[in-house]
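Topology and contacts: notes
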Amino acid sequence: MFKYLADYGSAPLYIKDGKGCYLYDSFGRKYIDFVAGWCVGNVGWKRKEIIEAIKKEATEGVYIPAFLRSKKWEELANLLCKIAPGKMHRAFRCTSGSEAVDYAIRCARAATKKITIVSIDDVYHGYTYGAASVGDAYKRITGPVVPGFVKLPIPNQNNYQQVIKRFEDLVKKGDVAAFLSEPVWSNAGVFIPPKEFYPAIQKICRKYDVLLIMDEVATGFGRCGKLFASELWNLKPDMMCLAKGLTGGYGAAGALLTTEEVFQKARGIPAYSTFGWAYIETAAMLANVKLILKEKLWENSEKIGGYMLEQLKELESHSKVKEARGVGLLLGIELREPVATKILLKCGLRGLIIADTDNGHLFLSPPLILDKQTANKGVAIIKKAFGGL
Ligand code: PLP
């Protein structure tokens, strides 16, 4: 346990270095990294293109917070709006995913003059009060939480029609500003919506003038086999929350993208963060996003992710495994019994880092540069960890 850091439950592993899909601890032990900082290090660790950009900016650039502008902000905002699905036209500078979600809530209310935000229960959107209130973290923070949120259950093949109907019924009451959700529910244990779900939600949003906000903090930047997971369902959101893979772990930043219409209607909402897109972060984001585009990392994510899922599905014959599921390199293993910690430890001892979710599923989000050989090695370690359980 940390003696001085006010942190909570982290694994007792002191990581000293990383390269590509590998991490090295303070004893020099090497680990395959199947987590990538939880959907962060999509391009892999210590990429020279990004490090060079950071070094250059640190030597040649300067960051003056407050009221002065940077051309690089404009370049990044333009690039993000261009590559995002929908008609994104504006980017708010944020320091994290939680902040992007908070901005989205405020923009939605300001633009529509309505209050209610409908979201999915038992999924995570961040720990600030707004983000916690829209996600499941409201259950873990000291209340009262922000009012005006209605939660629907995670839709599955059996209940999705009822969930859609409940959404439409809520919307018909007239006070719904937005539907805010991840395209794939990552932190809840990688739940993938039935293919009919999002097209129906989008249709209802359009029909009743309700905003569609996609939280792509975890699923964005190639994670789910598309540049953005919204593309899986052909969604054209009105707003999009970004962070994590946006910097690739080379800085701390987030973004909220909005259409011009939303921006104009919400114009004047107070939005300011001293370190929003600080200069090193901005250089890192530009280099990172360009690298993802150059290497088309979503293609490898789809290919290797599909391959890994096939291998992991073999675990479904094990008595402790309910289901292996995933899309691209966002993969989860649902367990029948609480053995996640044991599996994590066994994997760690054999040189593989994997994670578990708050509700006890195994969670894998390797760097998108993962090759087949390393994928095989990691999967073999997971399979071995189930042996004797
Ligand atoms: N939204 C999703 C889907 C997330 O997974 C997270 C973080 O795990 C957040 C929002 C919050 O992002 P941050 O930790 O950068 O505040």
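Look a little higher up for the structure.
The present account deals with the structure reproduced in this document.

Right, let's get into the packing of aromatic side chains. Applying the stated criterion across every chain yields a total of 13 aromatic pairs. With a centroid separation of 5.1 Å and an interplanar angle of 65 degrees, the aromatic rings of F167 and F179 are classed as edge-to-face. Of the two residues, F167 sits in helix α6 (residues 160-172) while F179 sits in strand β7 (residues 176-181), which places them 12 residues apart along the sequence. Side by side, F167 and F179 carry an identical accessibility label, which is buried.

Counting residues in hydrophobic clusters, the biggest one holds 66 residues, and the most contacted among them are L80, M308 and I382. Considering each element in turn, this core owes the most residues, 8 residues, to helix α9 (residues 279-295). When residues of this core are assigned to domains, at least three fall in each of domain 1 (15-46 + 296-385) and domain 2 (49-295). In contact with M308, not counting residues within four places along its chain, are F34, L329, L331, L364, P366, L370, A375 and V379.

S96, G97, S98, Y124, H125, G126, E182, N187, D215, V217, A218 and K244 make up every residue found near the ligand. Contact with the protein chains removes 84% of the 390 Å² of surface that the ligand exposes when unbound.

Bringing the pattern of salt bridges into the picture now. One pass over the structure, following the stated rule, counts 23 salt bridges. Here E60 and K56 are joined by a salt bridge, their closest N and O atoms 2.9 Å apart. Residue E60 and its partner K56 are located together in helix α2 (residues 48-60), separated by 4 residues, close to a single helical turn. The closest approach of N and O atoms between R325 and E334, which form a salt bridge, is 2.7 Å. Each member of the pair, R325 together with E334, is buried. It is possible to trace a salt-bridge network through shared partners that takes in K322, E323, R325 and E334.

Reading guide: rules and limits
Residues numbered from 1 in each chain as written. Predicted model: local features only at pLDDT ≥ 70, side-chain atom pairs only at ≥ 80, totals over all residues. Heavy atoms only, no water. Phe/Tyr/Trp six-rings, centres within 6.5 Å; stacked < 30°, edge-to-face > 60°. Helix = DSSP H or I, 4+ residues; strand = E, 2+ residues; numbered from the N terminus. Buried < 20%, exposed > 50% of the residue type's maximum accessible area, 1.4 Å probe, protein only. Core = buried A, V, L, I, M, F, W, Y, C linked by side-chain atoms within 4.5 Å. Domains from an automatic or database assignment. Contact = heavy atoms within 4.5 Å. Near = heavy atom within 4 Å. Areas by Shrake-Rupley, 256 points an atom, 1.4 Å probe, with all protein chains shown as cover. Salt bridge = Lys/Arg side-chain N within 4 Å of Asp/Glu carboxyl O.

Coordinates in, geometry out; function isn't part of it.
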